[in-house]
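Here is how the chains run, residue by residue.
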Amino acid sequence: MRVRVLIVDDEALARQRVGRLLPKARAGDVVGEAESGHEAVTMIRALQPDLVCLDVQMPGLDGFGVLREVDGGPVPMVLFVTAYDEHAQRAFDVHAVDYVLKPVDADRFRAAFDKARKQRANAVAAERLGELLDTVRRLADGGAPGEAAGAAVPGPTAAGASVGAAPSASGRYASRILVKQDGRMFFVKTTEIDWIEADRNYVKLHVGKTAHTIRERISHLEETLDPRLFVRIHRSTIVNLNRVREMQQWFSGDYVVILEDGTRLRLSRHYRDRVERQVGV
């Protein structure tokens, strides 16, 4: 998979150096060069490159200013190429692919570019997963075509429901969960749960700004929840698909799932594959 690259640096020699290195690094195509931050913003919006090789310190609008300006639209991967090492922590705070110091070493640049290329491949996989999530949400809202045709949906029976989980009318999955708290007992509807968090031998049911704690294993609870509505995205996290707003690429093949209320949850590579299997793709 080829990576479309925009080179941004106020020094012509620096742009030429990166341009010469890119053909040596596999699968890179230069789609443009910008010599200022403002020009970079315009070109990012127009060209929508996969990767921006971005200098930090530039007159007028620096590299971090460029990222602020394009925030809200398509944001490419960023590889900082700079003579200053004091910005490294800030670069990783904005999820840069890597941080390469000038004068640019060919091997170091090649390693950084390979990292970007792998993240690009993972991003394509993330887009596919996002489409799957949309499909699952639509099925959850309108019902699965397979069920309408009489196809069986694998899942636990009511007899296998966890303690505190009340089965739905169909007897297949829990429609509410019993919570014991402060000397009282009450039910929480599963459709009202935003996400579920494991805490040793307990789980926390996050409902809006409230978290209800029950004694239960997350693996056991997972079996009682409708897989068309709930999916496990991490060993300690289950999320309600109807609450998912978007997904963003993270490091090492992981992703961040962002809920409607802004909550950010990690989707690990292991559970990304499980999500695809769970929805039958």
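Not measured: the values here are computed from a predicted model. Throughout this description, residue numbers start from 1 for each chain and increase along the sequence as written. Two thresholds apply to this predicted model, a pLDDT of at least 70 for residue-level local features and 80 or more for giving and counting side-chain atom pairs, whereas whole-chain, interface and lining totals are computed over all residues. With hydrogens and water excluded, all non-hydrogen atoms of the structure serve as input to the side-chain values.

> Pulling in residues and values, what's your account of the overall build of the chain?
Regarding its fold elements, the chain presents eight helices and 16 strands. Whether a residue is buried, partly exposed or exposed follows from its accessible area with a 1.4 Å probe, protein chains only, as a fraction of its type maximum: under 20%, in between, or over 50%, in that order. Across the 281 residues of the chain, 43% fall into the buried class. Contacts are assigned to residue pairs with any non-hydrogen atoms lying within 4.5 Å of each other. Put simply, 53% of the contacts in the chain that link residues at least 6 apart link residues at least 24 apart. Surface accessibility of the chain: about 14,600 Å² in total, with carbon and sulfur atoms responsible for 49%. Think of it this way: any DSSP run of H or I at least four residues long counts as a helix, any run of E at least two long counts as a strand, and we number them from the N terminus. Here the Shrake-Rupley method, with its probe set to 1.4 Å, supplies the accessible areas, and only the displayed protein chains count as covering residues.

> Explain the nonpolar core to me, using residue names and the numbers behind them.
The biggest cluster of nonpolar side chains holds 21 residues, and the ones touching the most others in it are Val8, Leu54, Val66 and Phe80. In this structure, Val66 is in contact with Gly37, Ala40, Val41, Ile44, Met58 and Leu61, ignoring residues within four places of it in sequence. Formed by 18 residues, the second largest nonpolar core is a distinct cluster that contains Leu22, Leu79, Val81 and Ala116. We define a nonpolar core as any set of buried Ala, Val, Leu, Ile, Met, Phe, Trp, Tyr and Cys residues linked to one another through side-chain atoms lying within 4.5 Å.

> Outline the packing of helix α2 (residues 37–47) against helix α3 (residues 63–70), supporting the account with residue identities and numerical values.
Helices that pack against each other are described as a pair by the angle of their axes relative to one another and the distance between those axes. Remark: α2 packs on α3, axes separated minimally by 9 Å, with the N-to-C direction vectors making an angle of 35 degrees. Considering the relative orientation of α2 and α3, their crossing is right-handed. Here Gly37, Ala40, Val41, Ile44 and Arg45 of α2 come into contact with α3, specifically with Val66, Glu69 and Val70. Side-chain classes follow a simple rule in which Ala, Val, Leu, Ile, Met, Phe, Trp, Tyr, Cys and Pro form the nonpolar group, Asp, Glu, Lys and Arg form the charged group, and the remainder, Gly included, forms the polar group. Across the contact of α2 with α3, the residue classes break down as five nonpolar, one polar and two charged. An axis is simply a line fitted to the C-alpha atoms; with a helix, the fit covers only the stretch in contact. Between two such axes, the angle follows the N-to-C directions and lies from 0 to 180 degrees. Put simply, a crossing is left-handed when the front helix is turned counterclockwise from the back one by less than a right angle, and right-handed when it is turned clockwise.

> Break down α3 for me, citing the residues and quoting the values.
Counting buried residues in α3 gives six out of eight residues, a clear majority hidden from the surface. Its buried side turned inward, α3 meets α2, β3 (51–54), β4 (77–82) and α4 (88–93). Backbone geometry just downstream of α3 places Gly72 in the positive-phi region, at approximately 105 degrees.

> Describe the packing of aromatic side chains, and please don't skip the residues or the numbers.
Two aromatic rings are characterised by how far apart their centres lie and by the angle between their planes. Working definition: rings of Phe, Tyr and Trp (its six-membered ring) pair if their centres are within 6.5 Å, and the pair is stacked with planes under 30 degrees apart, edge-to-face with planes over 60 apart, and tilted otherwise. Under the criterion given, the structure shown has two aromatic pairs. Between Arg176 and the ring centre of Phe187, over which it is positioned, the NZ or CZ distance is 3.8 Å. Charge over a ring is defined by NZ of Lys or CZ of Arg lying within 6 Å of the ring centre and within 35 degrees of the ring normal.

> Outline the environment of Val75, supporting the account with residue identities and numerical values.
Relative to the helices and strands, Val75 resides in the loop between α3 and β4. We classify Val75 as partly exposed; its relative accessible area is 48%. For the pair formed by Val75 and Leu51, sequence separation is 24 residues and the distance between their alpha carbons is 9.1 Å.

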